[in-house]
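Spelled out from the first residue to the last, the chains are:
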Amino acid sequence: MEAFEWQQAASPENAASLATHTTTEAMLSAQGTRAAFTQAMLIKAGGVDLIGLMKDGLVSPVRLIDINHLPELQGISENAGGGFTIGALTTLAQIATHAGLMKHYPAFVQAVTTAASPQIRNRATLAGNLLQRPRCWYLRSAAHHCLRKGGEHCFAYAGDNRYHAILANHDGCAIVHPSTPATALLALQAQIESVSANGVQRVISIDDFFVLPSIDLHHENVLRTGELITAINLPAPHHTHRSAYLQLGEKTAFDWPLAAVAVFFAIDDKGICQQTRIVLGGAAPTPWRAREAERIIEGSKIDQNNARSAAEAAIAVATPLSGNAYKLPLLCTLINRTIMKAATSE
Amino acid sequence: MDNNTPKRDELLSVGMAHLGLKKVTREIPDDEPPALPPNAGLNFIGRSSPRWDAVDKVTGAACYTVDVQLPGMLFAAVMRSPLPHARIRSLDLVAARNFPGVRAAVTLIEALSDGSAPAVLYVGQPIAAIAAETLDAAEAAIQLIGIEFDPLPFAVDLDSAMKPDASVVYQKNEVAHIPFIGFPFVGELPLEGNVRGPNKMVQGNINDGFSSADFIVEETFSTQVQTHCCMEPHAIVADWHEDRLDVWMSTQFTAGVRAQLAATFRLPLSRVRVRAQAIGGGFGSKSQLGQYGKTAVMLSRMAKAPVRLVYRRDEEQMDSGNRPSSRQHLRIGASRDGKLTAISLHAWGSAGVAQGAGVGNIAMALYVCPNLESLQYDVFTNTSPSTAMRGPGNTQGAFALEQSIDALAEKLSFDPVALRDVIDLSPVRREERRLGALKMGWAQRKSPGFDSGPVKRGLGMAQSLWPTNIQLNAACEVRLWRDGKVEVLSSVQDIGTGVGTLLKQVVAEELGLRPEAIEIRIGDTEFPSGPPSYGSRTSASITPPARSAAWQIKNALLQSVASHWRLDPQQLTIQDSWIQSADNPSQRMSWQEAASTLRTDRISVVTGRSDDYAGFRSSHGDAAIALNDLGGVQFVSVAVDTQTGVIHVERVVAVHDCGRPINPLQIESQIHGGILMGISYALLEERIIDPHTGWMLNPNFIDYKFAGPSGLPQIDVMVLENYQGFSATDAYGVAEPANIATAAAIANAVYNAIGIRINTLPMTPARILQALHGADRRTC
């Protein structure tokens, strides 16, 4: 790791104005050489992903702008309208033990609780988790100057793609989005609040937050330099709401799952599903709504048969690569089980 | 041992303690102590006690090689090949050498003897190294090394390297000079393409054996490359002086590294000192000086300053050794009554650019069979060299053999335990099977697929075999000071196994002191040469001389007290730190008072490892193999989710033997470690090489997956007290047997759960789903 300077930001706006690049852009400007990107000044929250990228020589900022101490980015509060606002710097451990979130947004808390390891959850922030770079081993190898880092070539298509995407994976890059809490936030229709250097705030629907390679090969989301996440909003809960999350990995802890599923239903008094959001993780370059599955559940009473049909419909459209067809039955089972878990939850 | 050594007869206990012991008379050397009673009659030996360095390790006080700081110490970095196979057209160190702070630069790759340009053979191969005043400066200078390559074709996996048109790693004339040696290694074998061998072993007539078989099982098994994943990376601090060489190194063999340094740098043994205090694991990868060790010394000699070289985790994963892959074709014939008639093993393994990728002797040695044939081949690939790794050869071999025996049992309609009672002659393993089966509830074992629902449970078992190694060049010193202090000194190193604890227990037992009173000074070649910590040989090699030396010290002290009291030393006893006269118990003296009667400030005895009392099976140079092998039987229960392919190991029952157990707690810890490593090997670990660039894709602890504390099974360990009357302590090792059977036992349990045999490691969800449902299944 190269030496770097350290600066504590005075406020979120101050941090936004000091940052010269996002971490993504600083990795992109590398172009396989060491010299080009050494002037970057990057925002650091928990530092879990950024410090690892620095140690691996993938980004070498001249200065880190620390925001970890900023009080306006901390804390979980219940809003007047019934929803919750979660400060960007709230740690995964704080979310995992929050009674209100556990009660109203089980899918989200389950996803957070199974992310990473206890030590990392104590340090990792929610915003940092959403913004972590993908785990693609070619992206994370300094020896492979891949398309997403500004290179000419995706190594995964002809290489070892066992952990890569099975959906939306033929537009030049086959990463899977690394955040599992993001799948739950997409299912729960969260909003992301941000602030820019000039103090301008915006609220981004999570439906518009993540970006596919077909739109932009280099970025996983719409944030750009000079903008940082301040909070994540969860909409007001309702007694008809049901949600659940399941993941499956090779390891039982400290591993990104092979597949993850978050579902959200609004089930009316007659047992009919009136709102349906089924989101897949470990499957596509963004948290991925399985709309084929949603269409089967929407307007129906959930039972074992349509849960299975929904799961199979989601998988029918998958386009596996040379080494990851095993994800099809795995995700199929997981969709089926997560639908049933949510439908039978109280 | 010298046959002229005076000897006497001694009555020694033999047998498994819980079944009753017998006495045998053996001739033992006169300078060795009388028979040590069985553990039930002892105070410290056979009792669990926490490891001697536990407090230092958990408080951070323990000093690892990575903690060694010397005045003026320089930091080294290594430039490595980015290509899997290339000729080096030019190499220019001038700019690097002139970089501020750089004090030495060396090339690590020599031109060929015919003067042609040298080649690099794998990604990560060291090419040059720099020592500088800071690590940053060394790493920056590495970037300034000018190098031009002519890329060559390459093969990074076993299958492509075996194809007739594969590019070759070595030419025929190079094979005699290959510097990379793995384990097990057999020399002087022919090379054809990338395939070297066979290493051939034949007994009886294999064709007759199969003709007379009623049943034959035949399968091909594949195992992956596993890396050692030591928590402390490979590390050395070398300090070259005009008249001597001082080295601190994270090593499994201080005395061996001293000998290699002396030979490499043409120094007298007496002028080389190697130290290793705390060591964060080795598992076979820290057995040798290695190129990194040599590199640090070369840089220190050039810079005239101490040099520290510590591998980063990615260097550790890419180029610090690994367990070779294997492909094993195993064919076993048996008659209806279960007796084996023939075993044929054809095995190919790749140790990368190293020679020595065999799968060991387990298929030839575990079961009685008159007709055997083993043909083992090394396949060279453009990947980093393998080294020994916990149970080298036999761990891969057991995966194939023990699954095949399981398959044979089913074909013969035998229970797998009952079949082994027919074909395994070892009475110790028979008892281990009986105990383990009872503990696991083996009688309740169901047929494959018995459970309704997607999760299927199963039970499986497998056996270990490991030759009992002894280091003959192994000595220990016991010192007694006039103030009563007792020290035990040896160059033997504690790589995490707790040998220091054993030395305290053994010496305290012999001297009638408490273990806390014994000071352990080990891991320094200034002390008598100890054994290596590999091959499961440390306890067996160092505890007998430690006890003998303590016994001689005790005799000297009693002699001194006897002179003081004008008594016959035979009349004196030591108990609980008091010396007293047997005839007159009121005549007593504390240990310290007794020591003060010594004529000199310090007395000292050095003893070496003598031969086992009943002899050895074989001996060669510094090492010997004891008459009886080490056994071990493991039972496993698993739950397999047939819809997700996830295997959960729910419970392991491990029954092991290691002669006389000295510290049951430490033995249990060793066995736990072996099992965890085995579960990890079975389900998770795999070095993944990119087929197009030759780079390791998972050179870190995130993408290289291994078992952690979450999701681990209940592990029940049972250790036999198996007395053989072979040495002053009768203690043997257990590290390797604990690892060898685990993956095979899991695979057998998986078969019992789902009725499908998984022949390839690791058994990932992807493999299980593929085996159950085929590829591209879109239903659930």
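Here the structure is a predicted model, which is why all the values come from computation and not from measurement.

Participant: Talk me through the pattern of salt bridges; I want residue IDs and the actual numbers.
Facilitator: If you walk through the whole model with that rule in mind, you get 56 salt bridges over all chains. Among the salt bridges present, the one from D207 of chain A reaches R277 of chain A, with a minimum N-O distance of 2.6 Å. You can see D207 of chain A sitting in the loop between β7 (201-205) and β8 (227-234) and its partner R277 of chain A sitting in strand β11 (residues 273-281), a full 70 residues away along the chain. On the basis of relative accessibility, which here comes to 39%, the residue D207 of chain A falls in the partly exposed class. We note a salt bridge from K485 of chain B to E519 of chain B, for which the minimum N-O separation is 3.4 Å. With K485 of chain B in the loop between β21 (475-481) and β22 (486-490) and E519 of chain B in strand β23 (residues 518-522), the pair connects residues that are 34 residues apart, well separated along the chain.

Participant: Provide a residue-level description of the domain arrangement of chain B, including the pertinent values.
Facilitator: Residues and elements named next belong to chain B. Segmenting chain B into domains produces domain 1 (66-152 + 234-310), domain 2 (426-466 + 626-780) and domain 3 (473-610). Averaged C-alpha coordinates put domain 2 and domain 3 at centres separated by 40 Å. Tallying the contact residues gives 16 residues for domain 2 and 15 residues for domain 3. In total, domain 2 and domain 3 occlude about 1200 Å² of area from one another, counting both sides; carbon and sulfur atoms represent 52% of this. By the criterion of area lost to domain 3, the three top residues of domain 2 are I662, Q666 and A728, representing 40% of everything that side buries. There are zero salt bridges connecting domain 2 and domain 3. Our enumeration of links across domain 2 and domain 3 arrives at nine residue pairs in polar contact (both at pLDDT 80 or more). Within the side of domain 2 that touches domain 3, the residues separate by chemical class into nine nonpolar, six polar and one charged.

Participant: Please set out the side chain of N698 of chain B residue by residue, giving values where relevant.
Facilitator: Its place among the elements puts N698 of chain B in the loop between α16 (664-683) and β32 (714-720). A polar contact of 2.7 Å, which involves the side chain of N698 of chain B, links it to the backbone oxygen of E686 of chain B.

Participant: So what about the nonpolar core? Which residues, and what values?
Facilitator: L340, V638, I746, V750 and M763 of chain B are the most contacted members of the largest nonpolar core, which totals 74 residues. Every residue in contact with L340 of chain B, bar those within four places of it in the chain, is listed here: I332, G333, A334, Y367, V368, C369, P370, I405, L408 and I423 of chain B.

Participant: Describe the confidence of the model for chain B, with residues and values.
Facilitator: Averaged over all residues, the pLDDT of chain B equals 96, while 99% of them reach at least 70. The ipTM, which scores confidence in the relative placement of chains, is 0.96 for this predicted complex, and the corresponding pTM is 0.97.

Participant: For helix α3 (residues 135-143) of chain B, give the residues involved together with the corresponding values.
Facilitator: Residue pairs spaced three or four apart in an α-helix point in one direction, given the helix's 3.6 residues per turn. Residues and elements named next belong to chain B. Looking only at α3, the buried set comprises A137, A138, A141 and I142. Along the axis of α3, the buried residues cluster in a sector spanning 140°; they form a single face. On the buried face of α3, the contacting elements are β3 (74-80), α2 (94-97), β5 (102-107) and β7 (126-132).

Participant: Mind laying out the sheet that holds strand β3 (residues 63-66) of chain A, listing which residues take part and the relevant values?
Facilitator: Residue and element names in this part refer to chain A. In spatial order, the strands read β1-β3-β2; together these three strands make up an open sheet with parallel pairing. The open sheet terminates on both sides in strands that have one partner only, identified here as β1 (5-8) and β2 (41-44). The mean angle between the axes of side-by-side strands here comes to 25°, regardless of whether they run parallel or antiparallel. As paired strands, β2 and β3 are joined by four bridges and run parallel to one another. Looking across to β3, one finds that I43 is bridged to I65. In the packing of helix α3 (residues 48-55) onto the sheet, contacts are made with β2 and β3, and the angle to β2 comes to roughly 140°.

Participant: Account for the interface of chain B and chain A, naming residues and giving values.
Facilitator: On the side of chain A, 40 residues touch chain B, which itself brings 33 residues to the contact. With both chains or domains summed, chain B and chain A bury close to 3100 Å², and 58% of this area falls on carbon and sulfur atoms. Looking at the side of chain B facing chain A, the largest losses of area belong to K705, R778 and C780 of chain B, adding up to 23% of the total buried there. Counting every contact that joins chain B to chain A gives four salt bridges. Between D641 of chain B and R337 of chain A there is a salt bridge, and its shortest N-O distance comes to 2.8 Å. On the surface where chain B and chain A come into contact, there are 15 residue pairs in polar contact (both at pLDDT 80 or more). Elements supplying a minimum of two residues to the side of chain B that touches chain A: α3 and α19 (765-773) of chain B. Residue contributions to the side of chain B that touches chain A peak at three residues, all from α19 of chain B.

What counts as what
Residues numbered from 1 in each chain as written. Chains lettered and ligands numbered in written order. Predicted model: local features only at pLDDT ≥ 70, side-chain atom pairs only at ≥ 80, totals over all residues. Heavy atoms only, no water. Salt bridge = Lys/Arg side-chain N within 4 Å of Asp/Glu carboxyl O. Helix = DSSP H or I, 4+ residues; strand = E, 2+ residues; numbered from the N terminus. Buried < 20%, exposed > 50% of the residue type's maximum accessible area, 1.4 Å probe, protein only. Domains from an automatic or database assignment. Contact = heavy atoms within 4.5 Å. Buried area = accessible area lost by both parts, 1.4 Å probe. Polar contact = N/O pair within 3.5 Å; in protein donor to acceptor, adjacent residues only side chain to side chain. Nonpolar A, V, L, I, M, F, W, Y, C, P; charged D, E, K, R; others polar. Core = buried A, V, L, I, M, F, W, Y, C linked by side-chain atoms within 4.5 Å. pLDDT = per-residue confidence, 0-100. Arc of directions from axis to C-beta. Pairing = 2+ DSSP bridges. Axes fitted to C-alpha atoms, helices over the stretch in contact; angles between N-to-C directions.

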